[in-house]
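# Analysis of the macromolecular model
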Amino acid sequence: MFNLILFGPPGAGKGTQAIKIAEKYNWKHVSTGDILRSEVANQTPLGLEVKAVMESGQLVSDDLLVKIMESVFTNSPGVGGFVLDGFPRTVKQAQELAVMLEKIGYPVSLVLALNVNEQELVNRLLKRAQEQGRKDDTEEVITNRLVQYHHHTKPLIDFYHKVGVYEEVFGEGSVDDIFTKLTRVIDRKKNL
Ligand code: AMP
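All of the points below concern the structure found in this document. Residues take numbers from 1 onward in each chain, read along the sequence in its written order. Local features in this predicted model are restricted to residues whose pLDDT is 70 or higher, and side-chain atom pairs enter the listing and the counts only when it is 80 or higher, whereas totals over whole chains, interfaces and linings include all residues. Only hydrogens and water are set aside; all other atoms, that is, all heavy atoms of the structure, feed into the side-chain values.

In this section: the packing of aromatic side chains. Whether two aromatic rings pair depends on their centres lying within 6.5 Å, for rings of Phe, Tyr and Trp, where Trp uses its six-membered ring; planes under 30 degrees apart make the pair stacked, over 60 edge-to-face, and the rest tilted. The tally for this structure, following the rule as stated, stands at 6 aromatic pairs. Within the aromatic cluster, the residues linked to one another by ring pairs are Phe2, Tyr25 and Trp27. In our convention, an over-ring charge means Lys NZ or Arg CZ found within 6 Å of a ring centre and within 35 degrees of that ring's normal. The residue whose ring lies beneath Lys20 is Phe179, and the NZ or CZ to ring-centre distance is 4.7 Å. Positioned over the ring face of Tyr25 is Lys24, at 5.5 Å from the centre of the ring.

Here it is as structure tokens:
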């Protein structure tokens, strides 16, 4: 089983690339942002609990995310691989993920980061705000989401670097060119 974490700040293009990767390798795409947005849209108890936090650009609690991911892993028998998009986002989540994967018997295979400069990220997020009208894509919330990334998520680079599974790809240019670069790294890792 191949466990890929697609890593990067908001606006780096993780969602777009994760869908393409999952399709190519027949792996399961897991976007915690999508899962949470669907809970909010369906007004489930979980959705009602996280709505305000998400709309402010803050991170949802580690405990909730771990519960969500536990249920994803339990409900995915026979899956050949996972593309995790948006999880883990804190060191605590990464530690909990290691415990969950140990139960399945397959560790994180690769953490692949999309490297995009900050101004480009803001431009992309503002554009997405116009196109998709996501409530967390206003300028103020975008700034907050980037602050959360720097504060809570960026330390994972060092965490996974030490584990020996961290790699980076330049995430600017055409979607197809970036996809080609990503699959080159994945194929190299798969064939090890
Ligand atoms: P995303 O679509 O991945 O940018 O996620 C949208 C929002 O969902 C984030 O700004 C957080 O509020 C919440 N979220 C998604 N994944 C996580 C996570 N792993 N930890 C905490 N909050 C998360």
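Let us keep going from here.
Before going further, it helps to examine the sheet that holds strand β5 (residues 166-170). With respect to topology, 5 strands assemble into an open sheet ordered β2-β3-β1-β4-β5, the strand pairing being parallel. At either end of the open sheet lies a strand with only one pairing partner, and these are β2 (28-31) and β5. Adjacent strand axes in the sheet meet at a mean angle of 20°, parallel and antiparallel pairs treated alike. At least two DSSP bridges between two strands are required for those strands to pair. Numbered from the N terminus, helices here are DSSP runs of H or I no shorter than four residues, and strands are runs of E no shorter than two. Sheet topology places strand β1 (residues 2-7) next to strand β3 (residues 81-85); 5 bridges connect them, and they run parallel. Bridge pairing in β3 links Leu6 to Asp85. Throughout, an axis means a line fitted to C-alpha atoms (over the contacting stretch in the case of helices), and angles, computed between N-to-C directions, take values from 0 to 180 degrees.

The end-to-end C-alpha separation of helix α5 (residues 91-104) is 20 Å, in line with the 20 Å expected for 14 residues at 1.5 Å each. In what follows, a contact means two residues having at least one pair of non-hydrogen atoms within 4.5 Å. Contact partners of the buried residues in α5: β1, α4 (62-74), β3 and α8 (155-163). Just downstream of α5 lies Gly105, where phi reads positive at about 95°. Multiplying 1.5 Å by the helix residue count minus one yields the expected span of that helix.

Within the element layout of this structure, Pro155 appears in helix α8. Of the residues examined, Pro155 reaches a relative accessible area of 33% and is grouped as partly exposed. For the pair Pro155 and Val91, spaced 64 residues apart in the sequence, the C-alpha separation amounts to 7.0 Å. Exposure is judged per residue with a 1.4 Å probe applied to protein chains only, and the accessible area is read against the type maximum: over 50% gives exposed, under 20% gives buried, and values in between give partly exposed.

Attention shifts here to the packing of helix α6 (residues 118-132) against helix α7 (residues 139-153). Across the interface, α6 lies against α7 with an axial gap of 10 Å and an inter-helix angle of 135°. As judged from the angle between their axes, α6 and α7 are oblique. Once α6 is placed against α7, the crossing between them reads as right-handed. Counting all contacts with α6, which are made through Glu118, Leu121, Val122, Leu125, Leu126 and Arg128, the residues of α7 involved are Glu139, Ile142, Arg145, Leu146 and His150. Taken together, the residues that form the contact of α6 with α7 break down as 6 nonpolar, 1 polar and 4 charged. Angular relationships are summarised with four words: roughly parallel below 35 degrees, roughly antiparallel beyond 145, roughly perpendicular across 65 to 115, and oblique for the angles in between. We call a crossing left-handed when the near helix sits turned anticlockwise from the far one by less than a right angle, and right-handed when that turn is clockwise. The classification used treats Ala, Val, Leu, Ile, Met, Phe, Trp, Tyr, Cys and Pro as nonpolar, Asp, Glu, Lys and Arg as charged, and all other residues, Gly among them, as polar.

Attention now goes to the nonpolar core. By size, the foremost hydrophobic cluster in this structure holds 31 residues, and its most contacted members are Leu97 and Tyr160. In contact with Leu97, other than residues within four places in its own chain, are Ile5, Phe73, Leu84, Phe87, Pro88, Val108 and Tyr160. With 25 residues, the next largest nonpolar core counts Ala18, Leu114, Leu146 and Ile178 among its residues. By nonpolar core we mean a set of buried residues, namely Ala, Val, Leu, Ile, Met, Phe, Trp, Tyr and Cys, connected to one another through side-chain atoms within 4.5 Å.

This brings us to the site of the ligand. Distances are taken per atom, and a residue is near a molecule or strand as soon as one of its heavy atoms is within 4 Å of it. If you check the shell around the ligand, you find 16 residues, and the closest are Thr32, Arg37, Gln58, Gly86 and Arg145. Within the contact set of the ligand, a nitrogen atom lies 2.8 Å away from a side-chain nitrogen or oxygen of Thr32. The term polar contact refers here to a pair of N or O atoms within 3.5 Å; inside protein, the definition further demands a hydrogen-donor-capable atom paired with an acceptor-capable atom, and it admits residues adjacent in sequence only when both atoms are side-chain atoms. One of the side-chain N or O atoms of Arg37 is found 2.9 Å from an oxygen atom in the ligand. For the ligand, the accessible surface in isolation is 480 Å², of which the surrounding protein chains cover 96%. Exposure was quantified through the Shrake-Rupley algorithm and a 1.4 Å probe, taking into account, for residues, occlusion by the shown protein chains and nothing else.

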